[in-house]
Amino acid sequence: MALSGGVDSTVAATLIHRAIGKNLYGIFVDNGVLRKDEFEQVIESCKNIGLNIKGVDARNYFYRKLAGKSDPEEKRKAIGKSFIEIFDEEAHKIQGIEFLGQGTIYPDVIESVSVHGPSVTIKSHHNVGGLPERMKLQLIEPLRSLFKDEVRKVGAELGLPSSLLNRHPFPGPGLAIRILGEVTEEKVELLQKADAVYVNALKKFDLYATVWQAGAILLPVKSVGVMGDERTYEFTVALRAVTSVDGMTADWAHLPYDFLAYVSNEIINNIKGINRVVYDISSKPPATIEWE
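The rules behind these values
- Residues numbered from 1 in each chain as written.
- Predicted model: local features only at pLDDT ≥ 70, side-chain atom pairs only at ≥ 80, totals over all residues.
- Heavy atoms only, no water.
- Core = buried A, V, L, I, M, F, W, Y, C linked by side-chain atoms within 4.5 Å.
- Buried < 20%, exposed > 50% of the residue type's maximum accessible area, 1.4 Å probe, protein only.
- Helix = DSSP H or I, 4+ residues; strand = E, 2+ residues; numbered from the N terminus.
- Salt bridge = Lys/Arg side-chain N within 4 Å of Asp/Glu carboxyl O.
- Phe/Tyr/Trp six-rings, centres within 6.5 Å; stacked < 30°, edge-to-face > 60°.
- Lys NZ or Arg CZ within 6 Å of the ring centre and 35° of its normal.
- Contact = heavy atoms within 4.5 Å.
- Axes fitted to C-alpha atoms, helices over the stretch in contact; angles between N-to-C directions.
- Parallel < 35°, antiparallel > 145°, perpendicular 65-115°, else oblique.
- Left-handed = near helix turned anticlockwise from the far one by under 90°.
- Nonpolar A, V, L, I, M, F, W, Y, C, P; charged D, E, K, R; others polar.
- Pairing = 2+ DSSP bridges.

**Overview of the nonpolar core**
- With 50 residues, the main nonpolar core has Val29, Tyr198, Leu239, Leu255 and Phe259 as its most contacted residues.
- Breaking this core down by element, the ones donating at least two residues are β1 (26–30), α3 (59–66), α4 (72–91), α8 (185–204), β5 (213–227), β6 (230–243), α9 (257–270) and β8 (274–279).
- By residue number, the principal contributor to this core is α8, which donates eight residues.

Encoded structure:
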């Protein structure tokens, strides 16, 4: 089972675990574009709910595959292909593995491929559009026809903790699609710090539960700033927060000005390399929740 620590993969894993018990082997891959400290936190939370999970450090592998790629679709597909290659390699270390479980949900599918009629690919999801045509493992996707709010209801019926079920959605390609342009280890570290400041502030101000999804985006834009008596020329970060029911449509979250001012000051004053913070007030449609 491919685990990410998110609502979808955890609910899917719990369903499969209830069906086949010890025959489920969870694999969580550190793809180098996770949130700050997420690798350790996910492994701990999965173990706490009884899932058998193995962590795989594949950061350098993913960085090599992403090198030189700036097109969003190329990045998504590179990550999707790399995920399957890692899963396939790990699965063959366990005797008799024939199936790969995933937490794919319906919005992933209809944004990635044409379903039941004419539609266009909006963006490839790592667990849909990035899959190679020939794969050694068969896919098991118990949530493929469900929306996010329905997945949370299933999780509640299974008795999963609300802290896990109410976690914001996080894209499969992770911070790679929140870093516009080429992904580097240095940019990932910069965005991890900014994202951590933002998400922790949402929790501190009791705003986390009022939004559907929130995250920071590192823009390929540098601008002039002033720190003390010195001139700076550093990156810009955009903050994104939306309200939604199922993720198919979303409105930008009207966060308080004093909160946005606090986050901006915290990021700029504490993270060297960022000197400007902006807030995204676009709704879906016409914009998507993620920038890439």
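What follows picks up the thread again.
**Some points on the pattern of salt bridges**
- Summed over all chains, the structure comprises 14 salt bridges.
- The salt bridge partner of lysine 81 is glutamate 85, with a shortest N-O separation of 2.5 Å. Here the residue lysine 81 and the residue glutamate 85 both occupy positions in helix α4, the gap between them amounting to four residues, near one helical turn.
- Via salt bridges that share partners, Asp30, Asp57 and Arg59 belong to a single interconnected network.

**With respect to unusual backbone geometry**
- A cis geometry characterises the amide bond from lysine 284 onward to proline 285, with omega recorded as -15°.
- On the secondary structure map, proline 285 appears in the segment after β8.
- In the segment running from proline 285 into proline 286, the intervening peptide bond is cis, with an omega of 10°.
- As for its position among the elements, proline 286 is in the segment after β8.
- Of note, the phi angle at aspartate 37 is positive, near 65°, even though the residue is not glycine.

**Things to note about the packing of aromatic side chains**
- All told, the structure shown has eight aromatic pairs when counted by the stated rule.
- Summarising the aromatic geometry, the rings of phenylalanine 28 and phenylalanine 39 are spaced 5.4 Å apart at their centres and angled 25° between planes, so their arrangement reads as stacked. Within this pair, whereas phenylalanine 28 is found in strand β1, its partner phenylalanine 39 is found in helix α2 (residues 38–48), the two being separated by eleven residues in sequence. Of the two residues, phenylalanine 28 and phenylalanine 39, both sit in the buried class.
- Here the aromatic cluster, defined as three or more aromatic residues joined through ring pairs, consists of Tyr198, Phe205, Phe259 and Tyr262.
- Against the face of tyrosine 208 rests lysine 203, its NZ or CZ located 5.0 Å from the ring centre.

**A closer look at the side chain of lysine 148**
- With respect to the element layout, lysine 148 can be found in helix α6 (residues 148–157).
- Aside from chain neighbours lying at most four places away, what touches lysine 148 is Asp8, Ile105, Pro169, Trp212 and Asp246.

**Some words on the packing of helix α1 (residues 7–20) against α6**
- Two elements in contact, α1 and α6, have axes whose closest approach is 10 Å; the angle formed by their N-to-C orientations is 45°. Between α1 and α6, the angle falls in the class oblique. Here the hand of the crossing between α1 and α6 comes out left-handed. Residues Val7, Asp8, Val11 and Leu15 of α1 touch α6, and the partners they reach there are Lys148, Val151, Arg152, Val154 and Gly155.
- Considering only residue class, the contact of α1 with α6 consists of five nonpolar, one polar and three charged.

**Brief notes about the pairing of β1**
- Of all five residues in β1, five are buried, a share of seventy percent or more.
- Neither face of β1 is open: one carries Gly26, Phe28 and Asp30, the other Ile27 and Val29, and all of them are buried.
- Two strands pair when backbone bridges link them, and β1 and strand β2 (residues 53–57) are joined in this way by five bridges, in the parallel orientation. By the bridge assignment for β2, glycine 26 is matched with isoleucine 53.

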